[in-house]
Amino acid sequence: MPPGFTDYYKSDATDTTDSGRRNTYYTKMHRFGIWILMAALQVVVLGGEAERQLTNKPGSLPCMRGFSQKEYIIEMDQELAKGQAVFNVSFVDCGGGKVWFEVGDSSDFRVSEDGVVYSLRRLSLAGKGNTGLVVYARDLHSKQIWKTRVHLHHHPDGKNAGPQQVKPSDATLTQRVREILFPWHSVVVRGDGTLRRVKRDWVIPPINVPENSRGQFPEDLVRIRSDRDKNRMLRYSVTGPGADQPPTGIFIINPISGQLSVTKPLDREHISNFHLRAHAVDLNGNQVENPIDIVINVIDQNDNRPEFTHTIFNGSVPEGSKPGSFVMTVTAVDKDDPKTANGMLRYKILSQNPQSPSSNMFTINNRTGDIITVAAGLDREKVTQYTLIIQATDMEGNPTYGLSNTATTVIRITDVNDNPPEFTTDTFFGEVYENRVNVIVTNLTVTDKDQPHTPAWSAVYRIIAGDPTGRFSIPTDPTTNEGLLTVVKPIDFELTRSFMLTVEAENEVPLVRGIHLPRQSSATISVRILDLNESPEFSPNPKSIKLEEGLPSGSLLTTFTAQDPDRFMRQTIRYSKMYDPANWLEIDPVNGRISTIAILDRESPYVKNNLYNVTFMASDNGIPPASGTGTLQMYLLDINDNAPHVFPPEVEMCERPDPNTINITASDPDLTPNAGPFAFELANHPTDVRRNWTISRINGEYALLRLRIGSLASGIYEVPIKITDSGNLPMSNTSYLKVKVCQCDHHGDCVDMERIIAAGLGTGAIIAILICIIILLVLVLMFVMWMKRRDKERQAKQLLIDPEDDVRDNILKYDEEGGGEEDQDYDLSQLQQPDALEPECVKVGIRRLDERPLHHDHQYPLRSAAPHPGEIGDFIHEGLKAADNDPTAPPYDSLLVFDYEGSGSDAGSLSSLHSSSSCGDQDYDYLGDWGPRFRKLADLYGGGDD
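The model shown is predicted, which means the values in this text are computed figures rather than measured ones.

Colleague: How should I be thinking about the overall build of the chain in this particular structure?
Modeller: From N to C terminus, the chain includes six helices and 56 strands. Across the 946 residues that make up the chain, the buried fraction comes to 33%. If you take every contact in the chain between residues at least 6 apart in sequence, the share linking residues at least 24 apart comes to 67%. Summing over all exposed atoms, the chain offers an accessible surface of approximately 59,300 Å²; the carbon and sulfur share of this is 53%.

Structure, rendered in structure tokens:
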């Protein structure tokens, strides 16, 4: 506390029950205040002298705005993490306002508003030598700029030496503090750079206020007074959270007496302490004393019960666990001060359910809440879980003064493999047909007391004897845990008729220590093999033979037979042909002899790489019959049975060829030596061939055809060439080389191939083109005739009615539902004059006023009683003309009303003007049965007398 303040404590937190102690306390405080007053007077005198000396001294310290150092030397590590604080710069602002910091010429660092420089990314300075950067400070108002240079030094050994601003290992932010110079103890530099006299501050002890106080408010805490109020009027005030900052109004001070009071009960769990600052000013608002800090601590009371972090805690422990095994931890929290007994908790177990095999299977650490086992005998197969009620009490578990709360703990006993699988019987039986695979022979059932669908319950089956060739396997059904004995390799009844297997069952995880497999974990399986009619088998399959092509029909090739594997069945085998693409062979159905029915040709398209495959089938007479297939591969040897042909068959040549030669060769389907070398010569006929052409042999494969004359006319020429191969019996053939002679450009390419192609067009092609043209003309003529006939039909229809008004060809909208297509069959004879009606059937209807005017009827033309259908059109046109000339008729686009619609309709009259016999005796009472929509009609035409 500054020496100008005297503190008077009037707090209820101080024990004042003893009057003697109270007097002693005030005596000591009085002496303490006198001592403080004397010390204050001494400091004031010394401080005043020092201030006068500084003020009168010409060389007083001015405030220079800028960085505290022109250069910084920073020692640091080689590796910098992203966001690591490297150093901080200090700036003296002298009260000139806020400045903005920035780092220039470096994208690896940034500087915060507090002057702390950070690394923007992970940096490695190894091998880079010393690094430098410049930090700028900019005044946002005056735009003035200051700068300082920073030198970053690092050492390979990681040790720092020399001056440093921030330790390289520091990774926390450092706040900028004022730079304070101490020329002497009673003079300091202010934030704006000016000098002032200060007095030593006294730190007053914190004020303790109990929470939840029920006293009268406001309640006095302490009185603050300055000794300068003797010669002037002062005003006191407090600032800080709880006074003039949120939450406001908790603490108030009497501005005259300096009495600090609290206005409401405090809650430590909300705010545990308050930091206030007391001020003293004169009536003009000038500060006469330095502000002093006041710390108010809220003293805790036991006003909160312990609260468990969960209502129900869930834990687990393996069955068979030894005493002392850790199970779980329960946790409760108390909002009261944990440093006092109010927040110190103790735990205990209130109950255990079920109490089997003991009522105290678990215990709890009363301080930490750890639950451990204290007894043996945990067996999941007997008790699957335990429920514990846990109590937490504060006041260190004092049952009298402490507050308590409870929670439920559910401990699940987890399964371990302490029960081996056991077969339900010693021997299992099954049977399976031979040659079947992937079929289940029998199901093996076991029992296991462990928890289902866990590794300790799932069984693994293993065949330990009776299957040396591995023909069986036993997968496990994951749902039922049964073993499925399955055949994985074919079994031959003729070789093995039964199996006796020994199997063993284990779990996926091994048994716990001390438990061994019992005898019930192994069993015997008796498997009987059933005989099945097997397919005959060809041997060898496929069978290969080699023979020359060209064998005549009926030649015997080989015998291809099959054997029946069923040695214990006497069956007959028959043979047939399944696949013979060229249809060259046949097989004897009894003995399997294969002979030819056509000449074999190696050059056939069905022969690939000299091989021709034929598939045969052998069938027995078993029940049911079985069949097998075999393939005969014939390798055909070549003979000279094909004459050579000229190749290419067509060539092109200019009218004046240069050069005038053509290279030709021969193609022969036969193989060497039945093909080349070839002999080429021109045929003797026609005689002009040798006059125009010559041929010379280049080698055994090629020959040169030369034009003997200077030019040829454009066209297609056929040159007969005789070619002879080199077979043992040589074959020769005269084939024609088609030479297309055409006009050529300077590159030697044909330019009038179209004319040549047209010249070579055959008679059949020309006839086909003419037929197509004639068919086209006939189609056009038929279309024209059809169009004319359609026009005539339209003109004939126009005599009766205009096509646009033909009701049978247009869609008309009515307000009633018609009878569909039957309404289009009009009976024109029904259009008669009203004179033909029976007089008693004519009734006067009710006319609508909006349909025709109320003046005399216009006389329209009347037709005869029996009109001819041809007169209908004239009758309608006459009525139309009369309606147009009638001045009383409505406009042409409104509704025209006709008084007469005809009679004798097959559908009957809709206006009740006429019935089949007489209208007088017509009964309309049935309209009342048709529902509410026809009720009005029933009232009009039914209803009796009214």
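Here the narrative resumes, following the displayed structure.
Colleague: Any chance you could explain the pairing of strand 56 (residues 732-742) here in plain terms?
Modeller: Here is the key point about a regular strand: its side chains alternate between the two faces of the sheet. Pairing between strand 50 (residues 650-654) and strand 56: five bridges, direction parallel. Pairing of Met653 across the sheet is with Val741, part of strand 56. Judged from the ten bridges that link them, strand 55 (residues 715-724) and strand 56 form a sheet pairing that is antiparallel. Bridging from a neighbouring strand, Val719 pairs with Leu737 of strand 56.

Colleague: I keep staring at the nonpolar core and nothing clicks. Help me out?
Modeller: Soluble, globular proteins show a tendency: their nonpolar side chains are buried together. Counting 24 residues, the largest nonpolar core has Phe251, Leu260, Leu266, Phe274, Ile294 and Ile296 as its most contacted members. At the level of secondary structure, the elements contributing two or more residues to this core comprise strand 15 (207-210), strand 16 (219-226), strand 17 (234-239), strand 18 (251-253), strand 19 (259-262), strand 20 (273-282) and strand 21 (292-299).

Colleague: Please clarify how the environment of Leu485 should be interpreted in this entry.
Modeller: Here Leu485 shows up in strand 37 (residues 483-487). The sequence separation of Leu485 and Ile440 amounts to 45 residues, and the corresponding C-alpha distance is 5.6 Å. The contact partners of Leu485, leaving out residues within four places of it in the chain, are Val439, Ile440, Val441, Thr442, Ile463, Phe472, Ser473, Ile474, Leu501, Ile525 and Val527.

Colleague: Would you explain helix 5 (residues 872-885) in this entry?
Modeller: One turn of an α-helix holds 3.6 residues; hence residues three or four places apart share an orientation. Over its 14 residues, helix 5 runs 20 Å from end to end, which matches the ideal 20 Å to within 8%, given 1.5 Å per residue. Looking at helix 5, one finds that the buried residues are Ile872, Gly873, Ala882 and Ala883.

Colleague: What exactly am I supposed to notice about the sheet that holds strand 50 here?
Modeller: Pairing between sheet strands relies on hydrogen bonds along the backbone, with the strands arranged either parallel or antiparallel. Ordered in space as 50-56-55-52, the four strands form an open sheet in which the pairing is mixed. Of all the strands in the sheet, the pair left with one neighbour each is strand 50 and strand 52 (679-682). Taken over all neighbouring pairs, the strand axes of this sheet differ in orientation by 35° on average, direction set aside.

Colleague: How do you make sense of the sheet that holds strand 24 (residues 326-329) when you look at a structure like this?
Modeller: What the three strands build is an open sheet, ordered 24-28-27; its pairing is antiparallel. Two strands bound the open sheet, and with one partner strand each, they are strand 24 and strand 27 (362-364). Each neighbouring strand pair of the sheet contributes to a mean axis angle of 25°, computed without reference to strand direction. Across three bridges, the pairing between strand 24 and strand 28 (residues 370-373) is antiparallel.

Colleague: Whenever I open this one, the pattern of salt bridges confuses me. Can you help?
Modeller: All chains considered together, the criterion is met by 20 salt bridges. Among the ionic pairs, Glu650 bridges to Lys738, the shortest N-O distance being 3.9 Å. Of this pair, Glu650 sits in strand 50 while Lys738 sits in strand 56, and the two are 88 residues apart along the sequence. Judged by relative accessible area, Glu650 falls into the partly exposed class, the value being 42%. Because the salt bridges share partners, they merge into one network encompassing Arg268, Glu269 and Asp300.

Colleague: I tried to follow the state of the cysteines on my own but got confused; where do I start?
Modeller: Put plainly, two cysteines are in a disulfide when a covalent bond ties their sulfur atoms together. Considering all chains together, one arrives at two disulfides under this definition. A disulfide bridge connects Cys742 with Cys750, and the sulfur atoms are separated by 1.6 Å. Disulfide Cys742-Cys750: torsion about the S-S bond near -40°, hence left-handed. Cys742 sits in the buried class, given a relative accessible area of 0%. Residue classification places Cys750 among the partly exposed residues on the basis of a relative accessible area of 23%.

Colleague: Mind showing me how you'd approach the packing of aromatic side chains here?
Modeller: When we look at a pair of aromatic rings, we describe it by the centre distance and by the angle of the planes. One pass over the full model with this rule turns up 16 aromatic pairs. When the centroid spacing of 5.4 Å and the interplanar angle of 85° are considered together, the rings of Phe67 and Phe91 count as edge-to-face. Taken together, the residues span a long stretch of sequence, with Phe67 in strand 2 (residues 66-67) and Phe91 in strand 6 (residues 91-92) at a distance of 24 residues. A single burial state applies to Phe67 and to Phe91, both of which are buried. Taken together, a centroid distance of 6.0 Å and an interplanar angle of 50° make the contact between Phe423 and Tyr461 tilted. With a gap of 38 residues between them, Phe423 in strand 31 (residues 422-423) and Tyr461 in strand 35 (residues 459-465) connect regions that are remote in the sequence. Under the relative-accessibility criterion, Phe423 is labelled buried at 8%. Taken together, the ring pairs connect Phe67, Phe91, Phe101 and Trp146 into an aromatic cluster.

What counts, and at which threshold
Residues numbered from 1 in each chain as written. Predicted model: local features only at pLDDT ≥ 70, side-chain atom pairs only at ≥ 80, totals over all residues. Heavy atoms only, no water. Helix = DSSP H or I, 4+ residues; strand = E, 2+ residues; numbered from the N terminus. Buried < 20%, exposed > 50% of the residue type's maximum accessible area, 1.4 Å probe, protein only. Contact = heavy atoms within 4.5 Å. Areas by Shrake-Rupley, 256 points an atom, 1.4 Å probe, with all protein chains shown as cover. Pairing = 2+ DSSP bridges. Core = buried A, V, L, I, M, F, W, Y, C linked by side-chain atoms within 4.5 Å. Expected span 1.5 Å × (residues − 1). Axes fitted to C-alpha atoms, helices over the stretch in contact; angles between N-to-C directions. Salt bridge = Lys/Arg side-chain N within 4 Å of Asp/Glu carboxyl O. Disulfide = S-S within 2.5 Å. Phe/Tyr/Trp six-rings, centres within 6.5 Å; stacked < 30°, edge-to-face > 60°.

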